[in-house]
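Spelled out from the first residue to the last, the chains are:
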Amino acid sequence: MAGNSQRKGAIKKTGKGNPTAGSGGRVRRGLEGKGPTPKAKDRPYHQAYKAAKRAEKSSAGRPRRKSGTEAEWVAGRNSVVEALRAGVPVTGVYVGEGAERDGRLREAFAIAAERGLNIQEVTRGELDRMTGGAVHQGLAARIPPYEYAHPDDLLDAAAANGEPPLIVALDSVTDPRNLGAVVRSASGFGAHGVLIPERRSAGMTASAWKTSAGAAARLPVAQTVNLVRQLKAYQDAGCMVIGLAADGDVSLPQLELADGPLVVVVGSEGNGLSRLVSETCDQLVSIPMANQLESLNAGVAASVALYAISESRR
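Residues numbered from 1 in each chain as written. Predicted model: local features only at pLDDT ≥ 70, side-chain atom pairs only at ≥ 80, totals over all residues. Heavy atoms only, no water.

Let's shift gears to the overall build of the protein chain. From N to C terminus, the protein chain includes 12 helices and 13 strands. Of all intrachain contacts in the protein chain linking residues separated by at least 6 positions in sequence, the fraction that spans at least 24 positions is 80%. As displayed, the protein chain has an accessible area near 17700 Å², and 49% of this comes from carbon and sulfur atoms. (Helix = DSSP H or I, 4+ residues; strand = E, 2+ residues; numbered from the N terminus. Contact = heavy atoms within 4.5 Å. Areas by Shrake-Rupley, 256 points an atom, 1.4 Å probe, with all protein chains shown as cover.)

Below you can see the structure in the form of structure tokens.
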């Protein structure tokens, strides 16, 4: 009997004598709220979790640059419809109260609904304020700041495809339509990305997005603080750097570097390549023209050069 009393005391001391300790008590409460089994990437000891952490760590030193802290606005019925057609990453469509429902407005609503975009009706005064007083015709679209890739990401894209890098760099190209055209050609002819300087250069605005005809959603655009320094970094990584120039040493058809790791630098139509960029290039290449007085804008020059390079890589 003494042994029994000690046993009961032990049970009471540990709390096991609590009437809630049965199958419907503390055990059930302990199982509540745990939810479904976590995904593999969320389990600290799973390989998928460790791989994700390694990827985060490797990209931690490559901060992506944004085009600005504020969103950009596309104002006007034609502009908004064209932006939606081109796949520009619109985050919201805003229509002024009492705006006439014409064909363009209805098309904008239809595309926005198909893409699952938010459509909001606001007062005319509010629309004036959001678009900075632009002629919006009762319709505007909001575009978030563009997120630029890191210059090294372009090399990684080539490595991931098992291909020699092909990168297009722009020197002092200030027209966003030219940038969009270059992005479109670079995507079409197998380049791995476009590099632009942070200053004195066109950025990925709504106009550049539209001109790229959706290619900007597929091809990374990287931004660098110092173009010359980044070109030298690409050279250190094994790339040859060629610059397009009217007085180039080599004519494009005779280019022998096309099938290797290559960076093609395109200058502005008016001034061409800057002195420091020109001196950094391993080779200056000219595009043969029937009339020496004619010149090509950056978008066309990049297209011609990329076509010739892609043919050499076949």
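Glancing now at the sheet that holds strand S13 (residues 283-286). One open sheet accounts for seven strands, arranged S9-S8-S7-S12-S10-S13-S11; its pairing is parallel. Each edge of the open sheet is held by one strand with a lone partner, namely strand S9 (221-224) and strand S11 (250-251). Here three bridges tie strand S7 (residues 166-171) to strand S8 (residues 193-197), and the two strands are oriented parallel to one another. Across the sheet, residue Ala169 finds its bridge partner in S8, namely Leu195. (Pairing = 2+ DSSP bridges.)

Inspection of every chain in the model, using the stated rule, returns eight salt bridges. In this structure, the salt-bridge partner of Arg77 is Asp102, at a minimum N-O distance of 2.8 Å. One end of the pair, Arg77, is in helix H4 (residues 77-85); the other, Asp102, is in the loop between strand S3 (92-96) and helix H5 (103-114), with 25 residues separating them in the sequence. Each member of the pair Arg77 and Asp102 is classed as buried. With a shortest N-O distance of 2.8 Å, Glu311 and Arg314 are connected by a salt bridge. A residue is classified by how much of its surface remains accessible, and Glu311, at 36% relative accessible area, is partly exposed. Residue Arg314 is classed as exposed on the basis of its relative accessible area, which comes to 76%. (Salt bridge = Lys/Arg side-chain N within 4 Å of Asp/Glu carboxyl O. Buried < 20%, exposed > 50% of the residue type's maximum accessible area, 1.4 Å probe, protein only.)

Another point: the environment of Leu306. Residue position: Leu306 is located in helix H12 (residues 298-312). Linking Leu306 and Ser187, residues 119 residues apart in sequence, is a C-alpha distance of 9.9 Å.

On to the sheet that holds S3, then. Here four strands make up an open sheet; going across it, the order is S2-S5-S3-S4 and the pairing mixed. The open sheet has two free edges, formed respectively by strand S2 (72-75) and strand S4 (118-122), since each of these has just one partner strand. On average, adjacent strands in this sheet sit at an angle of 25° to one another, irrespective of strand direction. Strand direction decides the pairing type here: S3 and strand S5 (residues 139-143), joined by four bridges, are antiparallel. When the sheet's bridge partners are listed, Gly92 is paired in S5 with Arg142. Along the sheet face, H5 touches S3, S4 and S5 and points at about 150° away from the line of S3. (Axes fitted to C-alpha atoms, helices over the stretch in contact; angles between N-to-C directions.)

Now for the environment of Ala149. Relative to the helices and strands, Ala149 resides in the loop between strand S6 (147-148) and helix H7 (151-160). In this structure the C-alpha to C-alpha distance between Ala149 and Leu219, which are 70 residues apart in sequence, comes to 9.8 Å.

Moving on, we get to the pairing of S13. Relative to S13, strand S10 (residues 240-244) is paired through three bridges, and the arrangement is parallel. By the bridge assignment, Ile242 is partnered in S13 with Gln283. The pairing of S11 with S13 spans two bridges and is parallel. When the sheet's bridge partners are listed, Val250 is paired in S13 with Val285.

Below, the discussion takes up unusual backbone geometry. Trans peptide bonds make up most of the peptide bonds, and negative phi angles are found at most residues other than glycine. Phi at Gln137 takes a positive value of approximately 55°, unusual for a residue other than glycine. For Gln137, the position within the fold is in the loop between helix H6 (124-130) and S5. The backbone phi angle of Ser172 is positive, close to 60°, even though this residue is not glycine. Tracing the backbone shows Ser172 in the loop between S7 and helix H8 (176-188). Residue class for Ser172 comes out partly exposed when judged on its relative accessible area of 31%.

Another point: the pairing of S3. Counting buried positions along S3 yields five of five residues, so the element is predominantly enclosed. Both faces of S3 are covered, namely the face carrying Gly92, Tyr94 and Gly96 and the face carrying Val93 and Val95. Strand direction decides the pairing type here: S3 and S4, joined by five bridges, are parallel. When the sheet's bridge partners are listed, Val95 is paired in S4 with Glu121. For the segment spanning S3, H5 and S4, crossover handedness is right-handed. (Right-handed = clockwise from strand over helix to strand, strands pointing away.)

The next subject is the confidence of the model for the protein chain. With 77% of its residues at a pLDDT of 70 or more, the protein chain shows a mean pLDDT of 82. This model gives residues 19-34 a pLDDT under 50, and the stretch forms nine contacts once residues within four places in sequence are excluded. Note that residues 54-61 has pLDDT below 50 and, in this model, zero contacts with residues that lie over four places away or in other chains. (pLDDT = per-residue confidence, 0-100.)

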